[in-house]
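Commentary on secondary and tertiary structure
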Amino acid sequence: MRIYALFRPLAFALNAETAHRLTVKTLRLVPPRRPPDFPASLRSSLAGIDFPTPVGLAAGFDKDAEVPEQMLSLGFGFVEVGTLTPLPQGGNPKPRLFRLRKDRAVINRMGFNNCGQPAAYGRLQLDMRLPGIIGVNVGANKDSKDSIADYVNGVRAMAPVANYLTINISSPNTPGLRGLQDEGALRELLAAVQEAGAKKPIFLKVAPDLEKGDPERMIRAAIDNRIDAIIVSNTTVSRPPLRSRYANEAGGLSGAPLKPLALEALRRFRRASGGEIPLIGVGGITDADDAWERICAGASLIQLYSAMVYEGPGIAARIARGLARRLKREGIASIMEVVGTEHL
Ligand SMILES: Cc1cc2nc3c(=O)[nH]c(=O)nc-3n(C[C@H](O)[C@H](O)[C@H](O)COP(=O)(O)O)c2cc1C
């Protein structure tokens, strides 16, 4: 029996944020083991980094880099910690995290609660004894007078302990943050970040709530500023039809109802880029079929978070094995050959 089947009723009896804290605390007690071996067909390479599988943990689960090694041990091919801001901050008032069980979804308005970059840096420096890919997602403090400087400082500060860095300008829960996606602001931000000279790949994470022409503008700004990949997408502020009682809570929606939106956003970015810049697909991925569809639509890697709330952390290894089985069945030697095939 899957261990999570025993743990889940307890977790679901608690409010969502308490359950999350308990999960992380429990994981901290588990000594990290060597990650499982996966078939060579799943190996993926992006921005000069070799990923054992394309299935990663999305930002927001391990904001403070407390359990990255445990998550790698559980079968994630890579783990993105954060969002981390330069200074620690408490985030929005509680309650701010809601499970929409009937919709297999989550709404959050956490507001970048995190322990701050220096504390996470210390932890990442001390803890990292096992091999594994860890990305660090950085953001701006809510009260910052100069949010671009927060990103520059974040990239510079965290680069030594990161395999890659993610510039997160797509959280809906920090007022004004998504404004950095506008072309002028985005170009200024990306140029400043590159000037920081981090010497690590830089990924940009975008929202699924897009106006006409947004993907084209963002792609051009990213390519002109030598960004290594675009992560599509963060949570949505839109509300597709939902059944749960928390449906009208403010914040970003993730999980199953985000899937069509995130997939369409990915397709738009792929069409706009013609494959010129790698994409990472996130949003409502629940099983190997979802992952396969996202890879065909143009994702070189995928990430997930909400499905893990419902299915447990074993989901990463299950999806990876499902992808490997499908490759074998279809006689394809490498998952990298599948990327973007629906556009051929
Ligand atoms: C509780 C929660 C907190 C999140 N916090 C962050 C965050 O700090 N930074 C970030 O870039 N994305 C954050 N996300 C967004 C996820 O990384 C991901 O983009 C989104 O949830 C869609 O994927 P999913 O449907 O698999 O959850 C958060 C998501 C959830 C559910």
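Details of the structure are given in the entry above.
As the structure is a computational prediction, the values presented were derived from the model and not from experiment. Each chain has its residues counted from 1, following the order in which its sequence is written. Reporting in this predicted model follows two pLDDT cut-offs: at least 70 for local features of residues, and 80 or more for side-chain atom pairs to be given and counted; totals over whole chains, interfaces and linings ignore these cut-offs and use all residues. Heavy atoms throughout the structure, all of them, feed into the side-chain values; hydrogens and water do not.

Moving on to helix H8 (residues 259-273). Only DSSP runs of H or I with at least four residues qualify as helices, and only runs of E with at least two residues qualify as strands; both kinds are numbered from the N terminus onward. Between the first and last residue of a helix there are one fewer steps than residues, each counted as 1.5 Å, and that sum is the expected span. Here H8 is 15 residues long and its end C-alpha atoms lie 21 Å apart, about the 21 Å a rise of 1.5 Å per residue gives. The secondary structure elements touched by the buried residues of H8 are strand E9 (202-206), helix H7 (214-224), strand E10 (229-232), strand E12 (279-282), helix H9 (288-296) and strand E13 (299-304). Where H8 ends, the next residue or the one after it, glycine 274, has phi of about 60 degrees, a positive value. In what follows, a contact means two residues having at least one pair of non-hydrogen atoms within 4.5 Å.

Buriedness for pockets is judged along seven lines, at least five of which must meet protein on both sides within 12 Å for an open set on the 1 Å grid over protein atoms alone, while cavities are sets there where a 1.4 Å probe fits but cannot get out, and lining residues have an atom within 4 Å of a point. Grid points are joined across faces, edges and corners, and a volume is the space filled by probe spheres set on the points. For the structure on display, the rule yields 1 cavity of 30 Å³ or more. In terms of lining, the largest cavity is formed by 18 residues, of which the most central are Tyr4, His20, Thr23, Phe61 and Val309. Of all the secondary structure elements, the ones that give two or more residues to the lining of the largest cavity are helix H1 (3-13), helix H2 (16-29), strand E5 (97-100) and helix H10 (306-311). For the lining of the largest cavity, the leading source of residues is H2, giving 5 residues.

Oppositely charged side chains are able to pair whenever their charged atoms sit close together. The salt bridge definition used is simple: a Lys or Arg side-chain nitrogen within 4 Å of an Asp or Glu carboxyl oxygen. As enumerated under the stated definition, the model contains 14 salt bridges in all. Put simply, glutamate 17 and arginine 96 hold a salt bridge, and the shortest N to O gap is 2.7 Å. Taken together, the residues glutamate 17 in helix H2 and arginine 96 in the loop between strand E4 (78-84) and E5 connect sequence positions 79 residues apart. Each member of the pair, glutamate 17 as well as arginine 96, carries the same accessibility label: buried. Across the pair lysine 259 and aspartate 290 runs a salt bridge, and its minimum N-O distance is 2.7 Å. With lysine 259 in helix H8 and aspartate 290 in helix H9, this pair connects stretches of sequence that are 31 residues apart. Each residue gets one of three labels from its accessible area relative to the maximum for its type: buried under 20%, exposed over 50%, partly exposed in between, using a 1.4 Å probe on protein chains only.

What follows covers the packing of helix H5 (residues 147-158) against helix H6 (residues 183-195). The geometry of a pair of packed helices is captured by two quantities: the angle between their axes and the separation between those axes. Interaxial angle, 0 to 180 degrees, is taken between N-to-C directions of lines fitted to C-alpha atoms, where a helix line uses only the stretch in contact. One can describe the packing of H5 onto H6 by two numbers: an axis separation of 9 Å at closest approach and a directional angle of 30 degrees. The angle between H5 and H6 places the two elements in the roughly parallel class. Remark: the crossing between H5 and H6 carries right-handed chirality. Taken together, the residues of H6 that come into contact with H5 (itself represented by Ile148, Tyr151, Val152 and Val155) are Ala185, Glu188, Leu189, Ala192 and Val193. Classification convention: Asp, Glu, Lys, Arg as charged; Ala, Val, Leu, Ile, Met, Phe, Trp, Tyr, Cys, Pro as nonpolar; all other residues, Gly among them, as polar. Class assignment of the residues belonging to the contact of H5 with H6 gives a composition of 8 nonpolar, no polar and 1 charged. By definition in this entry, angles of less than 35 degrees are roughly parallel, angles greater than 145 are roughly antiparallel, angles of 65 to 115 are roughly perpendicular, and the rest are oblique. In this scheme the crossing of two helices becomes right-handed for a clockwise turn of the near helix relative to the far one and left-handed for an anticlockwise turn of less than a right angle.

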